[in-house]
Amino acid sequence: MRAAVMYGAGDVRVEDRPDPKIAQPTDAVVRVVASCVCGSDLWPYASMPATDTGRPMGHEFLGIVEDTGADVTGLAAGDLVVAPFTYSDNTCDYCAKGLHISCRHGGRYGFDGVDGGQGEAVRVPQAAGTVVKLPVNTDSALLPSLLALSDVMTTGHHGAVTAGVGRGDTVLVVGDGAVGLCAVIAAKRLGAERIVLAGRHAARTDLGRDFGATDVVAVRGEEGIARIRELTGGVDKVIEAVGTRQTLDTALGAVRDGGTISRLGVPQYEEGPIGPAVFMRNITLTGGASPARAYIEQLLPDVLNGAIAPGRVFDQTYSLDQTPGAYQAMADRQVLKALIRP
């Protein structure tokens, strides 16, 4: 099969790889119908050390089940399924708590001999506990929004949930990438009355307004913090969807004492401001990697009935062989989120 492999910073290649086969009785083989490039893929694209072996890329995909292992129940060949961005058994103690990201038998695509999602097919470990069947056909116009449930929409939802967003709240979303825009959808869905979106790209913030943002702040740093405080007096709930120290500082500067910051962006820093000044403010710092499998079935009905349309974050479609160009276009901020059709 053909699949995307990253060999180092800026070096993504589409090459022939072995066709996936059932290796464990809990596996399924899924033929990919649609996948995409994630914002988190851009971090290694910018900094990954060169390697001779490469790393299969992609962790967001949906497709058709082709084969299942002997222990897989509830799935059959021909089922259209969406896969959350990590696999899990959906039965261990962590999964029972809704923390599928920490599943004792789970893992990540592209590591430990597991295929990446940016390819023609994927061996999915723990398939019965991982993939979710979809009640549509492969030609459905809803496919981009259903694909968004694999990561970007469930991650945005995780930020809103962990920040404690509820009816009537004022919420700040820091970042106008696909996750930030999906966090706007999620905050609106949970009843937020005012949603301030901090972002500098007009096409993206315009989409954010369509999703429910009531205000946009396009300036950064201390000026941006001052503008947010001028608009709101300080916010109680912040969703930080970028992962840099600057965006964390923005969140800390904008949040009110006693407020909550949920971090969604993969942190590109090891240390943050957690000393006495922050301590005295009684700020709750939460968030983290989304347990996407815990949220898919909650959000699926709203995608199917059109109440939310996170698939709008996909603004350009590429063939599998064009995947290297998709990475470059996203890195250059020419594309918000690239959809890949094998």
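For the structure, check the block above.
Just so it is clear, the structure is predicted and the values come from calculations on it, not from any experiment.

### Looking at the environment of R104
- Tracing the chain through its elements places R104 in the loop between α2 (93–96) and β8 (107–108).
- Its relative accessible area of 53% is what places R104 among the exposed residues.
- On a C-alpha basis, the gap between R104 and A23 in space is 19 Å, while along the polypeptide they are 81 residues apart.
- The contact partners of R104, leaving out residues within four places of it in the chain, are C92, D93 and Y94.

### Thoughts on helix α11 (residues 292–304)
- Here α11 spans 18 Å end to end across 13 residues, near enough to the 18 Å set by a 1.5 Å rise per residue.
- In the structure, α11 departs most strongly from a straight axis at Q298, where the bend amounts to approximately 40° and where the proline P301 lies between one and four residues downstream.
- Elements that come into contact with the buried residues of α11 comprise β6 (80–83), α3 (127–130), β10 (132–133), α4 (143–148), α5 (152–162) and α6 (178–189).
- G306 sits one or two positions beyond α11 and adopts a positive phi of about 85°.

### As for the nonpolar core
- Ranked by internal contacts, the top residues of the largest apolar core, which has 49 residues, are L62, L146 and M153.
- Looking at this core element by element, the count peaks at nine residues for α6.
- In this view, M153 contacts A148, C182, I185, A186, L299, I308 and P310; residues no more than four positions away in its chain are not counted.
- Within the second largest apolar cluster, 18 residues are counted, among which are V12, L42, A326 and Y327.

### Here we look at the sheet that holds strand β12 (residues 194–198)
- With parallel pairing, six strands are arranged side by side in an open sheet as β13-β12-β11-β14-β15-β16. On the outer flanks of this sheet lie β13 (215–217) and β16 (284–287), each paired with one strand and no other. For this sheet, the mean inter-axis angle between neighbouring strands, taken without regard to orientation, is 20°.
- Where strand β15 (residues 255–263) and β16 come together, four bridges link them in parallel fashion. Bridge pairing in β16 links I261 to L285.
- Contacting β11 (170–174), β12 and β14 (235–240), α6 runs over the sheet at an angle of about 175° to β12.
- Helix-sheet contacts for helix α8 (residues 221–232) involve β11, β12, β13, β14 and β15, and the interaxial angle to β13 is about 160°.

Conventions and cut-offs
- Residues numbered from 1 in each chain as written.
- Predicted model: local features only at pLDDT ≥ 70, side-chain atom pairs only at ≥ 80, totals over all residues.
- Heavy atoms only, no water.
- Helix = DSSP H or I, 4+ residues; strand = E, 2+ residues; numbered from the N terminus.
- Buried < 20%, exposed > 50% of the residue type's maximum accessible area, 1.4 Å probe, protein only.
- Contact = heavy atoms within 4.5 Å.
- Expected span 1.5 Å × (residues − 1).
- Bend = angle between axes of the 7 residues up to and from the residue.
- Core = buried A, V, L, I, M, F, W, Y, C linked by side-chain atoms within 4.5 Å.
- Pairing = 2+ DSSP bridges.
- Axes fitted to C-alpha atoms, helices over the stretch in contact; angles between N-to-C directions.

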